[in-house]
Amino acid sequence: MNASPRRTIYQKLPPKWVGFLPGVESSQTGSKSSSQGFNSKFTMQGNGQGGDNKPPNLDLESLLWGDMEEAFKAIAPQLYPLIDNGKSPIETESHTTRELKKNSFCLIQLKSYETSKPDWLFGRIKTSVPENSLPENLSNAEILIPDRVNSMGVLKLSSKDVYASSIVKTWQVRVHAWVEDAEFEKLASHSQELNNAGFRSEKHTDSNNLSDFTGLAWSEKKLQPWIYIVSSAWLSKFGTHESNAIKANLRFLLQLKNRIIINLLSDSHKGLNRSCDLKPGRDTPIFQEAETPTEVVNMLPGLFSDLIQSPLNYIE
């Protein structure tokens, strides 16, 4: 039965901490909860810190309003479309598609019968049955849920958790490309592959967003793009002074360890690692290198999976 939701996902979310409150007993399990993240079963697996690289399982009973708010606020600046008419996507009625598209970030309206449980879910679609399902056709889905303190966890969603008329909003991850026209055309020829992997490439024609980070506050630096593609051919167009400034800022972002910076190499130009005197095995981290746009497309999914499985405190 498709009853009308008690509240809409567009209401302002109350400021709650992520996960169960410290020492509060869960009505579902009778167990004490943890003050860090979702709960005590949500461990540091899958973030490159000694786990088995498999996200821990979650359930809807472990989520609160604040979980979704934290995840959305941290990731929304990297997504397309980001805003509509100057409003947050949570506050608008417009959306791109109702499909639960694999590898995309989705905002999904949930059935909610308890005031303590969220009316909406935000995460990255890992799988859905059927694939790219609409809510009314959904059998089940696996959704990767980012967390502020811990690594990403996987939540299993079924048809009983959503209304047939549930609102679904879908976003792709922005990929910012500073490349030559011919190089971008080759990237664009792989747009369907990028789309299937959850990415949208955007070409930049100048160096404004790469040439000076010195005047930005730390919080603004955190909001700089996660994914950069910079071609050696494009960089060679600038004079020594501006080129050095761009390289310095890229090195700065590289040291933050929360950016994917891929240098698209050219036979006639030095790569970023070589021009910055960075060598694999000696320096960590170094710029990722790709010899062709096809290689960029093949590299992105794995690099992004490693990035997004880190705690939000780490990737913000």
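Residues numbered from 1 in each chain as written. Predicted model: local features only at pLDDT ≥ 70, side-chain atom pairs only at ≥ 80, totals over all residues. Heavy atoms only, no water.

1. What about the overall build of the protein?
Under the convention used in this document: Only DSSP runs of H or I with at least four residues qualify as helices, and only runs of E with at least two residues qualify as strands; both kinds are numbered from the N terminus onward. Burial classification: accessible surface area is computed with a 1.4 Å probe over protein chains only, and a residue below 20% of its type maximum counts as buried, one above 50% as exposed, and the rest as partly exposed. By definition, residues are in contact when any of their heavy atoms lie within 4.5 Å.
Looking only at helices and strands, one finds nine helices and 11 strands in the protein. The 316 residues of the protein split such that 48% are buried. Long-range pairs, those at least 24 residues apart, make up 72% of the contacts in the protein between residues at least 6 apart in sequence.

2. Quick word on the nonpolar core
Applicable threshold: Here, nonpolar core means buried Ala, Val, Leu, Ile, Met, Phe, Trp, Tyr and Cys residues that are tied together by side-chain atoms lying within 4.5 Å of each other.
By size, the foremost hydrophobic cluster in this structure holds 58 residues, and its most contacted members are Ile 108, Leu 121, Phe 122, Leu 157 and Phe 304. Element by element, the count of residues in this core is highest for helix α8 (residues 293–308), at eight residues. With residues near it in sequence (within four places) discarded, Leu 157 still touches Leu 60, Ile 108, Leu 110, Leu 121, Leu 138, Ser 139, Asn 140, Ala 141, Ile 143 and Val 162.

3. Let's talk about the side chain of Ser 231
Heads up, the condition is: The definition of a polar contact used here is a pair of N or O atoms within 3.5 Å, where within protein one atom must be able to donate a hydrogen and the other to accept one, and adjacent residues in sequence count solely through side-chain atom pairs.
Structurally, Ser 231 can be placed in strand β9 (residues 227–231). Residue class for Ser 231 comes out buried when judged on its relative accessible area of 0%. Separated by 2.9 Å, the side chain of Ser 231 and the backbone nitrogen of Trp 234 make a polar contact. Sequence-distant contacts of Ser 231, defined by excluding residues within four places in its chain, comprise Trp 178, Val 179, Glu 180, Glu 183, Asn 263 and Leu 264.

4. Focus on the packing of helix α2 (residues 181–188) against α8
Stated formally: Throughout, an axis means a line fitted to C-alpha atoms (over the contacting stretch in the case of helices), and angles, computed between N-to-C directions, take values from 0 to 180 degrees. Roughly parallel means an angle under 35 degrees; roughly antiparallel means over 145; roughly perpendicular covers 65 to 115; every other angle is labelled oblique. The hand of a helix crossing depends on one turn: near helix anticlockwise from the far one by less than a right angle means left-handed, and clockwise means right-handed. Each residue receives one of three labels: charged for Asp, Glu, Lys and Arg, nonpolar for Ala, Val, Leu, Ile, Met, Phe, Trp, Tyr, Cys and Pro, and polar for the others, Gly being one of them.
At a minimum axis distance of 8 Å, the contact between α2 and α8 shows a crossing angle of 50°. The pairing of α2 with α8 is recorded here as oblique in orientation. Crossing angle aside, the handedness with which α2 passes α8 is right-handed. Residues Glu 183, Lys 186 and Leu 187 of α2 form the contact with α8, whose participating residues are Pro 293, Val 296 and Val 297. Split into classes, the residues belonging to the contact of α2 with α8 amount to four nonpolar, no polar and two charged.

5. Quick look at the pattern of salt bridges
Going by this rule: Within this document, salt bridges are pairs made up of a side-chain nitrogen of Lys or Arg and a carboxyl oxygen of Asp or Glu, the two lying within 4 Å of each other.
In the structure shown here, the tally under the stated rule is eight salt bridges. For Asp 181, the salt bridge is made with Lys 203, and the minimal N-O distance between the two is 3.0 Å. Remark: Lys 203 occurs in strand β8 (residues 199–203) and Asp 181 occurs in helix α2; sequence separation between them is 22 residues. Its relative accessible area of 51% is what places Asp 181 among the exposed residues.

6. Let's talk about the confidence of the model for the protein
Here is the rule: What pLDDT reports is the predictor's confidence in each residue, on a scale of 0 through 100.
Averaged over every residue, the pLDDT of the protein is 75; residues scoring 70 or more account for 76%. A low-confidence stretch, residues 1–51 stays under pLDDT 50, and its non-local contacts, those more than four residues away or across chains, total 125 contacts. Here residues 82–94 is modelled with pLDDT under 50, and outside its nearest four sequence neighbours on either side it reaches 24 contacts, counting other chains as well.

7. Considerations on the pairing of strand β7 (residues 168–178)
Consecutive side chains along a regular strand alternate between the two faces of the sheet. Test applied: What makes two strands pair is DSSP finding at least two bridges between them.
Among the 11 residues in β7, 11 count as buried, and that is most of the element. Relative to β7, strand β3 (residues 105–109) is paired through four bridges, and the arrangement is antiparallel. From the neighbouring strand, Leu 107 faces β7, where its bridge partner is Lys 169. Strand direction decides the pairing type here: β7 and β8, joined by five bridges, are parallel. Its bridge partner being in β8, Val 175 is matched across the sheet by Ser 201. Where β7 lies against β9, three bridges are found, and the strand directions are parallel. Bridge pairing in β9 links Ala 177 to Ile 229.

8. Concerning α8
Selection rule: Given the number of residues in a helix, its expected span is that number minus one, multiplied by 1.5 Å. The term bend refers to the angle at a residue between two fitted axes, each drawn through seven residues, those ending there and those starting there.
If you check α8, its first and last C-alpha atoms are 22 Å apart, about what 16 residues at 1.5 Å a residue would give, namely 22 Å. The largest bend in α8 is about 35°, located at Met 299, with the proline Pro 301 one to four residues further on. For α8, every residue scored as buried is listed here: Pro 293, Val 296, Val 297, Met 299, Leu 300, Leu 303, Phe 304, Leu 307 and Ile 308.

9. Here's the deal with the packing of aromatic side chains
Threshold: Between 30 and 60 degrees the pair is tilted, below 30 it is stacked and above 60 it is edge-to-face, where a pair is any two Phe, Tyr or Trp rings, Trp via its six-membered ring, whose centres lie within 6.5 Å.
Across all of its chains, the model carries 10 aromatic pairs by this definition. On the basis of an interplanar angle of 20° and a centroid distance of 5.5 Å, the ring pair of Trp 178 and Tyr 228 is categorised as stacked. Taken together, the positions of Trp 178 in strand β7 and Tyr 228 in strand β9 put the pair 50 residues apart, joining distant regions of the chain. Classification of Trp 178 as buried rests on a relative accessible area of 0%. For Tyr 228, a relative accessible area of 0% corresponds to the buried category. Through a chain of ring-to-ring contacts, the aromatic side chains of Phe 72, Phe 105, Trp 120, Phe 122, Trp 171, Phe 199, Trp 226 and Phe 304 assemble into a single cluster.

10. Details of helix α6 (residues 240–256)
Here α6 is 17 residues long and its end C-alpha atoms lie 25 Å apart, about the 24 Å a rise of 1.5 Å per residue gives. Positive phi appears at Lys 257, one or two residues downstream of α6, with a value of about 65°.

11. Here's the deal with the pairing of strand β4 (residues 120–129)
Counted residue by residue, β4 has seven buried out of 10 residues, so it is predominantly covered. One ladder, built from five bridges, connects β3 with β4; its direction is antiparallel. Looking at β4, one finds that Gln 109 is bridged to Trp 120. Across five bridges, the pairing between β4 and strand β5 (residues 140–145) is antiparallel. Opposite Arg 124, over in β5, you have Leu 144 as the bridge partner.

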